[in-house]
Amino acid sequence: MELVLIGVAALLTSGMTFFSGFGLGTILMPVFALFFPVPLAIAATAVVHFANNLFKFSLMASQADWRVVARFSIPAAGAAMAGAGLLGVIDRLPVLMSYTLNEATFEITLTKAVIGALIIVFAWLELWPRFQALAFSPRWLPLGGVLSGFFGGLSGNQGALRSAFLLKAGLSKEAFVATGVVSAVIVDAFRLMVYSMAFMASHFAVSRELVAPVVVGSLCAFIGAFAGKRILHKITLHTVRKVVAGAMLLIGSGLMLGIV
């Protein structure tokens, strides 16, 4: 069941988010979290996200604005490592509380509480019209890199902030997409280095079970990206954004309550 759900989520999301520049990690991480510990879910999502962005990189890299990449992505890379490191720290903290409901025991950890809260925040941002229209002056690109990189490393959610800061960088549509892809590849590479050291050792037994889901998710994301480049301009994302945000609210609440 997890392979089907992860594959479908990766396929649809990768296609729908090709031009928006964000959404794959936001949606796919909660799906992984239904079946694996939250830190491993974030790490697995990062692998799929990285592989998918490498594929997009091969399609779009020549159109990226490398000056913007340098101003945005270098701060983002360092901040991503800091966020990923913080996730590793809070993952080692003891359980905050546990409770029993209908003879089932649920545990609330700091990791679940923090990531659940962040997912809820990003879900509300997806539903907030003013955030959809928000864009920042180009002089704020380094700050945007730090913010998006840090939250990318901590929770896997980075694309919405990245897109908001790149929107006012004076880029064409093609350069906007390509620059976002290059930046995402850089952030993913740096946070994956931290994840591999922080989580794969402590969760080694479970991490081996991630191989098939990650492969399926990556392949489906490739197909979605390939199709999305051709058909996405015909699709409206308004309804999709609301449905996805609603699902994120449910998953985030479930994490905070220890249910997921």
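Quantities reported herein were computed from a predicted structural model and do not represent experimental measurements.

The secondary structure content of the chain amounts to twelve helices and two strands. Ordered by position from the N terminus, the helices and strands of the chain form the series α-α-α-α-β-β-α-α-α-α-α-α-α-α. For the chain, buried positions account for 52% of its 260 residues. Restricting the contact set of the chain to residue pairs at least 6 apart, pairs at least 24 apart contribute 82%. On the chain, roughly 11800 Å² of surface is accessible, and the fraction owed to carbon and sulfur atoms is 72%.

Remark: helix 4 (residues 66-91) packs on helix 7 (residues 141-155), axes separated minimally by 6 Å, with the N-to-C direction vectors making an angle of 30°. In terms of orientation, helix 4 lies roughly parallel with respect to helix 7. With respect to the hand of their crossing, helix 4 and helix 7 are arranged in right-handed fashion. In terms of residue class, the contact of helix 4 with helix 7 is built from 16 nonpolar, six polar and one charged.

Turning to the packing of aromatic side chains, a few remarks are in order. Summed over the entire model, instances satisfying the criterion amount to one aromatic pair. On the numbers, 5.6 Å between centres and 75° between planes, the contact of phenylalanine 150 with phenylalanine 151 is edge-to-face. Phenylalanine 150 gets classed as partly exposed once you look at its relative accessible area, which sits at 27%. Residue phenylalanine 151 is classed as partly exposed on the basis of its relative accessible area of 23%.

Membership of the largest hydrophobic core comes to 33 residues, with the highest contact counts inside it found for Phe32, Ile115 and Tyr195. Only helix 1 (2-16), helix 2 (24-33), helix 3 (38-60), helix 4, helix 5 (110-127), helix 9 (173-198), helix 11 (211-231) and helix 12 (238-256) provide two or more residues apiece to this core. With eight residues, helix 3 is the single largest residue contributor to this core. Counting residues in each nonpolar core, the second largest holds 16 residues, with Leu141, Leu166, Ala169 and Val181 among its members.

Further remarks concern the pattern of salt bridges. Evaluation of the coordinates by the stated rule reveals two salt bridges. Notably, a salt bridge pairs aspartate 65 with arginine 67, separated by 3.9 Å at the nearest N-O pair. In this structure, the salt-bridge partner of aspartate 188 is arginine 191, at a minimum N-O distance of 2.8 Å. Of the two residues, aspartate 188 and arginine 191 are both situated in helix 9; the distance of three residues between them amounts to about one turn of the helix. Summarising the burial analysis for this pair, aspartate 188 and arginine 191 share the class buried.

The next point concerns the confidence of the model for the chain. The predicted model of the chain has a mean per-residue pLDDT of 76, with 78% of residues at 70 or higher. Ranking the elements of the chain by mean pLDDT puts helix 10 (residues 204-207) last, at 56, and helix 4 first, at 89.

Here the focus is the environment of phenylalanine 165. Mapping phenylalanine 165 onto the fold places it in helix 8 (residues 159-166). On the basis of relative accessibility, which here comes to 2%, the residue phenylalanine 165 falls in the buried class. Distance from phenylalanine 165 to proline 142, taken between C-alpha atoms, is 9.3 Å for residues 23 residues apart in sequence. Sequence-distant contacts of phenylalanine 165, defined by excluding residues within four places in its chain, comprise Phe72, Phe136, Trp140, Leu141, Gly144 and Leu147.

On to the side chain of aspartate 188. Looking at aspartate 188, the relative accessible area reads 0%, which means it is buried. Every residue in contact with aspartate 188, bar those within four places of it in the chain, is listed here: Ala46, His49, Phe50, Asn53 and Gln158.

About the thresholds
Residues numbered from 1 in each chain as written. Predicted model: local features only at pLDDT ≥ 70, side-chain atom pairs only at ≥ 80, totals over all residues. Heavy atoms only, no water. Helix = DSSP H or I, 4+ residues; strand = E, 2+ residues; numbered from the N terminus. Buried < 20%, exposed > 50% of the residue type's maximum accessible area, 1.4 Å probe, protein only. Contact = heavy atoms within 4.5 Å. Areas by Shrake-Rupley, 256 points an atom, 1.4 Å probe, with all protein chains shown as cover. Axes fitted to C-alpha atoms, helices over the stretch in contact; angles between N-to-C directions. Parallel < 35°, antiparallel > 145°, perpendicular 65-115°, else oblique. Left-handed = near helix turned anticlockwise from the far one by under 90°. Nonpolar A, V, L, I, M, F, W, Y, C, P; charged D, E, K, R; others polar. Phe/Tyr/Trp six-rings, centres within 6.5 Å; stacked < 30°, edge-to-face > 60°. Core = buried A, V, L, I, M, F, W, Y, C linked by side-chain atoms within 4.5 Å. Salt bridge = Lys/Arg side-chain N within 4 Å of Asp/Glu carboxyl O. pLDDT = per-residue confidence, 0-100.

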